[in-house]
Every structure is written in structure tokens, then in C-alpha cells.
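# Results of the structural survey
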Amino acid sequence: MKILHLSHTPLVGAPGQICAALREQGLDARWAVLKPENYAGLSFQLDWRWDQHREEILAFAEVADLIHLHNYIDLDCNDFAPLNFRQLWAQGKPMVRHFHSNPALIARYMGKTEQDVLNCPLPKLVIAQYQERFFSGAHVVPNIVARAPAPNNRSGKPLRVGYAPSNFRSARVSRWDTKGYPETIKTLKRTQASLRARGIALELDVITQVPHLECIARKANCDVFIDDLVTGSYHLNTLESLSQGCTTLTHLDGRIQTVLTELLKRSDFPALDVRLENLQPVLEHFAHQPELARALGVESRQWMQEHWSPSKMATHFIAAYAQITALPGQPFADRFEISPQANYRVREHFDQIWAGRHASWPTLAPVWFTAIKQELGNGLRRLGVER
């Protein structure tokens, strides 16, 4: 079976991980990206680039058994012309659209309405993270992470905590497009200072704007890794950290826990459910007992190897492809009904809890003060006064 994946952006390398897992299962899966330099300061391993491999991509599209479109690409997208997705759809070409973002973000990027995004007639896939609660008719699939080499041996060393936010927005300014960077950093520094005053070391590695391979290597040298403590969803960061043998902290709300249990047919996902407001006591506990964190990390890595391996996760895609090719154009069954009651249970209830937590998060300096401080710091660095 030949599968062509197409995306506008690298999507943190997710399509490439899917293709690699599918190839291990004997499928011929290739990925082409339109804008390979979408992430400032970051880079991911790619397959085909539209600007360099256009002819190869078009030739593969001709023989592909299924075209797998990611996120922003709908039937009217002409960025991969002469590929005409609406014409291929009318001719019965098996196609699927895979969502990695919520409808509001996708709509803004495409210049369309959220309802336009939801009304797309293509069969839909959605990642098994917070995004699924917006797409009732999408088939849930996992993000895939490559098998990680053995982590570094840190026995006997102080606890090292890693944090690799993908954006720097406050936890309060966005429901989903945030990792709570300023609040998390403030909590980490406060915790480190509190421990230092008692003679206990805590090492911090804040990883920003580096190539993905460097980020992975630095994760392997951490005992504890922090993902998203504010929104209620884990991300690819969690999966990578667990695979690297880190005790991984992220907040998993009730909806996410249900989705993971349904996806995995088990309820022992090894990430620790920690909210931002509870971070300090958890880290202080591990700082006193770093070997406990390392033992939990070993268990996490073993769990990922057994239950979230690329080969096992690839079966979710293969099952979806089988249905799409057998019934081209037919949507997947709704996973929950469209009603005010269902919307409250799936989304609004957790939105209210998120809003109610704001008062317990660290207070931040005014935006104007932070902007002035940052500009002064940039000026000093340009002068070589501060590094």
C-alpha cells in the first residue's frame, strides 16, 4: 500500500514519525512538506520538500493508494498544484484529513470559519490529545515517537529537571495555545531557590529554539521533564520524555484520561498528573529523592516500549486506512453526540475548571514592564555587556 502524506508545515515532525512506523509494517509511506522552515530556531527531520522534490511527489501521488492530508489542507487547497484534491475526491481517490490543531487555530490560518473546517467532507483523523474534543466525527489516532536510545546514567547526581516549551505565552492568555511559560519558569526558579536555601541542589535545563535532535539529546540527560501543566492536555513532548526515561509531569484532565483509556484499552498511562499550582511540592519531593524519579523514569520508558511502540501505534493508522479504502468518502462514526449536554461534558466543564485555577497561578509583572526589561536585556547583549 502506498500512502502520500502532505502538510503545509513540519508539524513538529509528526508526519515523518507516522511514515517511519508505517514503513516498518511494510507500507510505502512518504511525506512532502510545503514550508519546511516554519519554526524559527527549530528544525525537524523531513522527507520530501515541495520546492526540491516536486516531480517525485507528483509521480508518487499518481500511484498512491491513499492521500493523507494534514491540518490546513482541504479539498480547495491549490498549494500543491497541479494536484487537484477536489477532482481526485470526485474520482473516488481514497483521502483522509488529519487534524493536529483545534478548529479555531486552523480557521485563522486558512482564512475560513470554524464551521467551514468542521464541515470538510473528508474522513477525519484527530490526534489523541485535547484536539479530539472538537471533532466528534474524527477517528482518534496517536502521535508516534521513535524508539529512543538508552538514557544517560545520572545515578548519584542532583535532580535535573527539563522544560522545553514550544511557545512563551502566559497560561492566562490562551485556553490551548500555551504551555504557561512565564508562570512555569517563575515556579521553577522559586523552587530552585527554596531548595538551595536548604542546601539541596536542583538543576534546571530550559530548552528553547534548538534543533529537535538537540532537544531530544538534552531530554535524555534529565531525570524529570515538564510538559504542559496548565491546559489539561499532554503533547508530543510528554511522549518523547517518557520514551527517554524521564519522570514526566503534565496535567491530564478527565477528558484526556478517558480518551487515552479508550485508545489504549488500559488506564495506566505513565505520565504523572501534576498541575502548575502543585509543581513545587512535587519537585521538592523528587529533589530529596532523585533516585525515586530515576526509577519512575525507567518504568516509564519500559511502558512506552511495550505499549506505545511505533509498530503498535501504526496499527491505528492501518485500521483507519482499511476503512477509508474500503469505503472511499465515507466518514467515520461520531464518537459523541452534538448537543449542549455533550458539549458541556466534553469541553465546557473543563474550560470552567481551567478558568477557576487562574487565581492560584503565580502572578506576573505587567506586560509593559516585561517588554521594557526584555528590550534592555537585548540591548545589553548586543553591546556584549550581558550574555
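Our subject is the structure listed above.
A brief structural summary. (Residues numbered from 1 in each chain as written. Predicted model: local features only at pLDDT ≥ 70, side-chain atom pairs only at ≥ 80, totals over all residues. Heavy atoms only, no water.)

### So, the nonpolar core
We apply this condition: Each nonpolar core is a collection of buried residues, namely Ala, Val, Leu, Ile, Met, Phe, Trp, Tyr and Cys, held together in the definition by side-chain atoms within 4.5 Å. For every residue, the accessible area (1.4 Å probe, protein chains only) is compared with the maximum for its type, and the residue is labelled buried under 20%, exposed over 50%, or partly exposed between those bounds. Secondary structure is summarised from DSSP: a helix means a run of H or I of at least four residues, a strand means a run of E of at least two, and numbering begins at the N terminus for each. Residues are treated as being in contact if the distance between any of their heavy atoms lies within 4.5 Å.
Ranked by internal contacts, the top residues of the largest apolar core, which has 51 residues, are F269 and W308. Looking at this core, the element that brings in the most residues is helix 12 (residues 310–326), giving 6 residues. The contacts of W308, once residues within four sequence positions are left out, are P142, N143, Y234, L239, L260, L263, L264, F269, W303 and M313.

### Focus: the sheet that holds strand 12 (residues 272–273)
Short version of the rule: The criterion for strand pairing is that DSSP finds at least two bridges linking the strands in question.
Strand order in this open sheet of 5 strands is 9-8-10-11-12, and the pairing throughout is parallel. The sheet terminates laterally at strand 9 (202–206) and strand 12, the two strands that pair on one side only. In this structure, strand 8 (residues 159–163) lies alongside strand 10 (residues 224–226), joined through 3 bridges in parallel fashion. Paired with G162 across the strands is F225, a residue of strand 10.

### Description of the side chain of D228
Rules: Just so you know, the count uses Lys and Arg for positive and Asp and Glu for negative, and it drops His and the chain ends. The term salt bridge refers to a pairing of a side-chain nitrogen on Lys or Arg with a carboxyl oxygen on Asp or Glu at a separation within 4 Å. Counting of polar contacts relies on pairs of N or O atoms within 3.5 Å, with two restrictions inside protein: one atom must be capable of donating a hydrogen and the other of accepting it, and residues adjacent in sequence are counted only when both atoms are side-chain atoms.
Topologically, D228 is positioned in the loop between strand 10 and helix 8 (236–243). With no salt bridge to any partner, buried D228 finds its closest opposite charge in K179, at an N-O distance of 6.1 Å. Within the structure, D228 has its side chain in polar contact with the backbone nitrogen of V230 (distance 2.9 Å). Contacts of D228, omitting those with residues within four sequence positions, involve T178, K179, S233, H235, L249, T250 and H251.

### Observations concerning the pattern of salt bridges
Inspection of the entire model under this criterion finds 25 salt bridges. Among the salt bridges present, the one from R30 reaches D47, with a minimum N-O distance of 2.8 Å. Of this pair, R30 sits in strand 2 (residues 28–33) while D47 sits in the loop between strand 2 and strand 3 (48–49), placing them 17 residues apart in sequence. Exposure remark for D47: the relative accessible area of 25% places this residue in the partly exposed category. Ionic pairing is found between E203 and R160, a salt bridge with its closest N-O pair at 2.9 Å.

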